[in-house]
Amino acid sequence: MKSATLVLLLLLSAAPSFAQALDAKTDETAKADDRPAQALYEDANGYLGRRYQEFNKQKLPYDPKLEAQTRKEQQEIAVKNATILKARSHLSKDDLYYLGMLQHLAGDGDNALTTMRLLLKDDPDGYQAQAARNVVVLYAVRKGLLDEAKTAVEKYAHHKPQSADDRYRMEFLLGDAYMRSKDYGAMTTHAKEMLAAAKEFANANKANPFKRDEMLIKSGALLADSYVKSNHKADALKTLEGLVRLSFELPSGNLYKLAMYRFALLQPSAEEIDKLFAGSVAPKATPPEIVASEWLDQTPVKLSDLRGKVVLLDFWAHWCGPCRITLPNLSRWHETYKDKGLVILGLTNYYGHGGGRPMTPPEELAYLREFKKRNRLPYGVVVDESEMNDINYGVNSIPMSFLIDRKGVLRYISPGANDEEIESLGKMIKKLVDE
């Protein structure tokens, strides 16, 4: 019994020195790794990309458990590298930035916020400072420090460089936070800034239409909601009307569909709907030219050459069931109005299959010719090997049609194939033909 007690006392007396030894070992490891701060950050930040390249080489199927494990490993590397960097005796501005980013990557919001505050204490300019302000906004909002987050956004607006994407995200965080706290005035202020940033992104990113549309509808919906919650329904309707008009100017069938859905949720009166579609929704909405690899039963033509005609662009595919519903109507409209100036062009792409089997482009082109003949489609079909027409017109679902008047102005977008859409499109075709 006495010997056991003696052993226990010896272990207890040794405990502090054992802990000190562990600390010393950690310090030695940190000191031994003398990689620059940027290298430590890139080691952690690039981990996912490196691992995914390895998975692709091994042709591994997607596994959510493997993804979760890989992300966990990345966090562990970020924690380790942040510990290494933080242990250094003197941290430069660059060191502070990469330390804050490592802490952010590790999910250590409290320390990331503390580090970035230290970096920003002298209100610096430049890329690193602007990125730090993004991090401050994120974690300040999470902690309910909305005044601090708001100040960080204001500082961001007075420094360079700026990114519409970053500004959009920060304004969304604030707008959403004020909505949850029921401060609808502040919600409106930040939703307006969010929408302005989304429009700036839209102007600079023509090749990324679906991210653009997501940003526009998300910010417009938040702003409309803020007006509704503030009992200003008319302003909410006006906001969504603005998005509908913008969908014609871009153009974007996807944005039109989303904006009209949100507009309908507000239950506008018949007069408000008529007002929106009276005349041209967007008088300067000149649609982009068509891109084509092949023309079936149609002489190659530019939209600018069709001024004086009413032009219907119908986006479709031979495998699309809803598209087939519209084909008899398109054929009927062609026969009814072809002598009055209506030109219908069916726009489609190569999809690599047809009739239930894989196809090369030449095989699919032959299949399209046969499909067109079998279904007695009397109008021209335009085939392209790229997706540029879809991108240029914001088409992410089919069928979708764009109706252009004799002056070359986009006047109507039809985003579906239900009876109501077909009836509305038919009425608009007649209206424009008769103008």
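Residues numbered from 1 in each chain as written. Predicted model: local features only at pLDDT ≥ 70, side-chain atom pairs only at ≥ 80, totals over all residues. Heavy atoms only, no water.

**Things to note about the overall build of the chain**
And step 1. Of the regular secondary structure elements, the chain holds 18 helices and eight strands.
And step 2. Taking 2.2 N^0.38 as the reference for a compact globule, 435 residues should give roughly 22 Å; the C-alpha atoms of the chain span a radius of gyration of 30 Å, well beyond that estimate.
And step 3. Taking the principal axes of the C-alpha coordinates as reference, the chain spans close to 110 × 55 × 45 Å.
And step 4. Counting the 435 residues in the chain, one finds 46% classified as buried.
And step 5. A fraction of 68% describes how many contacts in the chain between residues 6 or more apart in sequence connect residues 24 or more apart.
And step 6. Here the chain has roughly 23,000 Å² of accessible surface; of this, 54% comes from carbon and sulfur atoms.
And step 7. The average position of the 60 basic charges and that of the 59 acidic charges among the side chains of the chain differ by 2 Å. (Helix = DSSP H or I, 4+ residues; strand = E, 2+ residues; numbered from the N terminus. Rg over C-alpha atoms; globule rule 2.2 N^0.38 Å. Buried < 20%, exposed > 50% of the residue type's maximum accessible area, 1.4 Å probe, protein only. Contact = heavy atoms within 4.5 Å. Areas by Shrake-Rupley, 256 points an atom, 1.4 Å probe, with all protein chains shown as cover. Lys, Arg positive; Asp, Glu negative; His and termini not counted. Charge placed at Lys NZ, Arg CZ, Asp CG, Glu CD.)

**Brief notes about the nonpolar core**
And step 1. In this structure, L313 and W333 are the most contacted members of the largest nonpolar core, which totals 125 residues.
And step 2. Sorting elements by how many residues they give to this core places helix α7 (residues 127-142) first, with ten residues.
And step 3. Sequence-distant contacts of L313, that is, excluding residues within four places in its chain, are made with I290, L303, L345, L347, Y393, M400, S401, F402 and I404. (Core = buried A, V, L, I, M, F, W, Y, C linked by side-chain atoms within 4.5 Å.)

**Some remarks on the packing of helix α6 (residues 109-119) against α7**
And step 1. For the pair α6 and α7, interaxial distance at closest approach is 9 Å and the crossing angle is 140°. Judged by the angle between their axes, α6 and α7 are oblique. In this structure, α6 meets α7 at a crossing whose hand is left-handed. When α6 is examined against α7, the residues G109, A112, L113, M116 and L119 are found in contact with a partner set consisting of Q128, A132, V135, V136, Y139 and A140.
And step 2. Looking at the contact of α6 with α7, its residues break down into nine nonpolar, two polar and no charged. (Axes fitted to C-alpha atoms, helices over the stretch in contact; angles between N-to-C directions. Parallel < 35°, antiparallel > 145°, perpendicular 65-115°, else oblique. Left-handed = near helix turned anticlockwise from the far one by under 90°. Nonpolar A, V, L, I, M, F, W, Y, C, P; charged D, E, K, R; others polar.)

**Looking at the sheet that holds strand β6 (residues 380-384)**
Strand pairing in a sheet is mediated by backbone hydrogen bonds. Such pairs are either parallel or antiparallel.
And step 1. Pairing in this open sheet of six strands is mixed, and the strands run β1-β6-β3-β2-β7-β8 from one edge to the other. Because the sheet does not close on itself, it has two edges, and the strands there are β1 (294-296) and β8 (410-414). Going across the sheet, the axis of each strand differs from the next one's by a mean of 20°, ignoring polarity.
And step 2. Along the sheet face, helix α18 (residues 419-434) touches β2 (310-315), β3 (342-349), β7 (400-404) and β8 and points at about 165° away from the line of β8. (Pairing = 2+ DSSP bridges.)

**So, the pairing of β3**
And step 1. Counting buried positions over the eight residues of β3 gives eight, a clear majority of the element.
And step 2. Going residue by residue along β3, you find L342, I344, G346 and T348 tucked away on one face and V343, L345, L347 and N349 tucked away on the opposite face as well.
And step 3. Taken together, the six bridges between β2 and β3 define a ladder with parallel strand orientation. Each bridged residue has a counterpart across the sheet, and for L313 the counterpart in β3 is L345.
And step 4. Assessed by its sense of winding, the connection that carries the chain from β2 through helix α15 (residues 321-337) to β3 is right-handed.
And step 5. By the bridge criterion, five bridges tie β3 to β6 in an arrangement that is parallel. Residue pairing in the sheet places N349 in a bridge with D384 of β6. (Right-handed = clockwise from strand over helix to strand, strands pointing away.)

**Details of the confidence of the model for the chain**
And step 1. Averaged over the chain, the pLDDT score is 92; the fraction of residues at 70 or greater is 92%.
And step 2. Overall, residues 1-19 carries pLDDT values under 50, and its contacts beyond four positions in sequence, including any with other chains, amount to zero contacts.
And step 3. Low confidence marks residues 21-26, where pLDDT is under 50. Its contacts with residues over four positions away, or in another chain, come to zero contacts. (pLDDT = per-residue confidence, 0-100.)

**Things to note about the state of the cysteines**
And step 1. The final tally for this structure, using the stated rule, is one disulfide.
And step 2. Disulfide pairing places C320 opposite C323 at an S-S distance of 2.4 Å. Looking along the S-S bond of the C320-C323 disulfide, the torsion reads about 80°, which is the right-handed sense. Comparing C320 with C323 shows no difference in burial state: the two are buried. (Disulfide = S-S within 2.5 Å.)

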